[in-house]
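So you can see what is in the structure, the chains are spelled out below.
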Amino acid sequence: LLPLVFAATAVLRPCRNWLLIGHWNGTAAPFAARRRIPRRSSFSEDDRTTAEAYLSRLGFSDAELRKAKVRYGQRFDPDVESNIKPLLQWLSDLGMTDLDVRKVVVACPMVFGSRLEETSKPVVTRVKELGINDSQVVKLVAKFPHLIIYSLEGVWNPKVQWLKQLGMDDSQVAKTIVKFPQLMGCSLEDNL
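The sections below set out a description of the structure shown in this document. None of the values given here were measured: they were computed from a predicted structure. (Residues numbered from 1 in each chain as written. Predicted model: local features only at pLDDT ≥ 70, side-chain atom pairs only at ≥ 80, totals over all residues. Heavy atoms only, no water.)

1. Some words on the overall build of the protein chain
The helix and strand inventory of the protein chain stands at ten helices and two strands. Burial statistics for the protein chain: of 192 residues in total, 35% are counted as buried. Restricting the contact set of the protein chain to residue pairs at least 6 apart, pairs at least 24 apart contribute 65%. Approximately 11,900 Å² of the protein chain is accessible, and the part contributed by carbon and sulfur atoms is 54%. (Helix = DSSP H or I, 4+ residues; strand = E, 2+ residues; numbered from the N terminus. Buried < 20%, exposed > 50% of the residue type's maximum accessible area, 1.4 Å probe, protein only. Contact = heavy atoms within 4.5 Å. Areas by Shrake-Rupley, 256 points an atom, 1.4 Å probe, with all protein chains shown as cover.)

Now the structure itself:
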């Protein structure tokens, strides 16, 4: 194992130098690559948005908040009253533990941008109609939280219809979705 670590270090050292120092085999890297981004050990209260402060009070760690901010892709400040509280309550009502809820938020913070009544709840209803029980729904959402932000008309119904055209009935479609939830994220034209 130790020789493998040394070999990987030797191979990755030029990449690391280019990113940190701005040099690649003696040539200067672009200006953006030369800047070092300071790494803070924790957020100060002044830097936090209301959403971050609320989630922090609920027990989210600074590392989890950082990951959520990076994955959200824009200023992470969904409205606490209209987005965060209803979604967290709904996830808890589904039967998710606090740890599962945190995993969902960190893995897919875009759930705060989706409309709960128009997207997430109908998706869970559709999943249950296929024959997936409540405990499996919880595991499914915890395993692949992007499922609850996909629209019924644009993603779910076409893929379920495609699976049925392959000769599957509802129970087989349900088993397929439980085993391979990533399938719902694939493009019918490009990937399937």
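Having put the structure on the table, let's press on.
2. Quick notes on the packing of helix H7 (residues 116-129) against helix H9 (residues 152-165)
Each pair of packed helices gets described by two things: the angle between the helix axes and the distance between those axes. Where H7 contacts H9, the two axes come as close as 11 Å, and the packing angle between them is 10°. Considered as vectors, H7 and H9 are oriented roughly parallel to each other. Considering only the axes of H7 and H9, their crossing is right-handed. Where H7 abuts H9, its residues Pro 122, Val 123, Arg 126 and Val 127 lie against Leu 152, Trp 156, Asn 157 and Val 160. By residue class, the composition of the contact of H7 with H9 is six nonpolar, one polar and one charged. (Axes fitted to C-alpha atoms, helices over the stretch in contact; angles between N-to-C directions. Parallel < 35°, antiparallel > 145°, perpendicular 65-115°, else oblique. Left-handed = near helix turned anticlockwise from the far one by under 90°. Nonpolar A, V, L, I, M, F, W, Y, C, P; charged D, E, K, R; others polar.)

3. Quick look at helix H5 (residues 80-94)
The end-to-end C-alpha distance of H5, which contains 15 residues, comes to 20 Å, matching closely the 21 Å that a straight helix rising 1.5 Å per residue would cover. Turning to H5, its buried residues number three or more, namely Val 80, Ile 84, Leu 87, Leu 88, Trp 90, Leu 91 and Leu 94. The secondary structure elements touched by the buried residues of H5 are helix H3 (50-57), helix H6 (98-107), H7 and helix H8 (134-143). One side-chain oxygen of the residue at the start of H5 lies 3.5 Å from the amide nitrogen of Glu 81, identifying that residue as Asp 79. Where H5 terminates, the next one or two residues include Gly 95, which has phi positive at roughly 110°. (Expected span 1.5 Å × (residues − 1). Polar contact = N/O pair within 3.5 Å; in protein donor to acceptor, adjacent residues only side chain to side chain.)

4. So, the environment of Ala 107
Structurally, Ala 107 can be placed in helix H6. Contact partners of Ala 107, with chain neighbours within four places excluded, come to Arg 71, Pro 145 and His 146.

5. Re the pattern of salt bridges
Inspection of every chain in the model, using the stated rule, returns eight salt bridges. Among the ionic pairs, Glu 118 bridges to Arg 115, the shortest N-O distance being 3.3 Å. Residue Glu 118 shares its accessibility class with Arg 115, and that shared class is exposed. (Salt bridge = Lys/Arg side-chain N within 4 Å of Asp/Glu carboxyl O.)

6. What to know about the nonpolar core
The biggest cluster of nonpolar side chains holds 47 residues, and the ones touching the most others in it are Leu 55, Ile 84, Trp 90, Leu 91, Trp 156 and Ile 177. At the level of secondary structure, the elements contributing two or more residues to this core comprise H3, helix H4 (62-72), H5, H6, H7, H8, H9 and helix H10 (170-179). Ranked by the residues each element gives to this core, the list is headed by H5, at seven residues. Other than its neighbours up to four places away in sequence, Ile 84 contacts Ala 51, Tyr 54, Leu 55, Pro 78, Asp 79 and Phe 112. (Core = buried A, V, L, I, M, F, W, Y, C linked by side-chain atoms within 4.5 Å.)

7. Describing H10
Residues three or four positions apart in an α-helix share a direction because the helix packs 3.6 residues into each turn. Buried within H10 we find Val 173, Ala 174, Thr 176 and Ile 177. The arc that holds every buried residue of H10, seen down its axis, measures 165°, which confines them to one face. Every exposed residue of H10 that faces more than 90 degrees away from the buried side is listed here: Lys 175 and Lys 179. Looking at the buried side of H10, the elements it contacts are H8 and H9. (Arc of directions from axis to C-beta.)

8. A short note on the side chain of Ser 120
Relative to the helices and strands, Ser 120 resides in helix H7. In contact with Ser 120, not counting residues within four places along its chain, are Trp 90, Ser 114, Arg 115 and Ile 148.

9. Thoughts on the environment of Lys 159
Positionally, Lys 159 belongs in helix H9. Judged by its relative accessible area of 8%, Lys 159 falls in the buried class. Remark: the alpha-carbon pair of Lys 159 and Cys 186, spanning 27 residues in sequence, is separated by 9.1 Å. A polar side-chain atom of Lys 159 sits 2.7 Å from the main-chain carbonyl oxygen of Cys 186.

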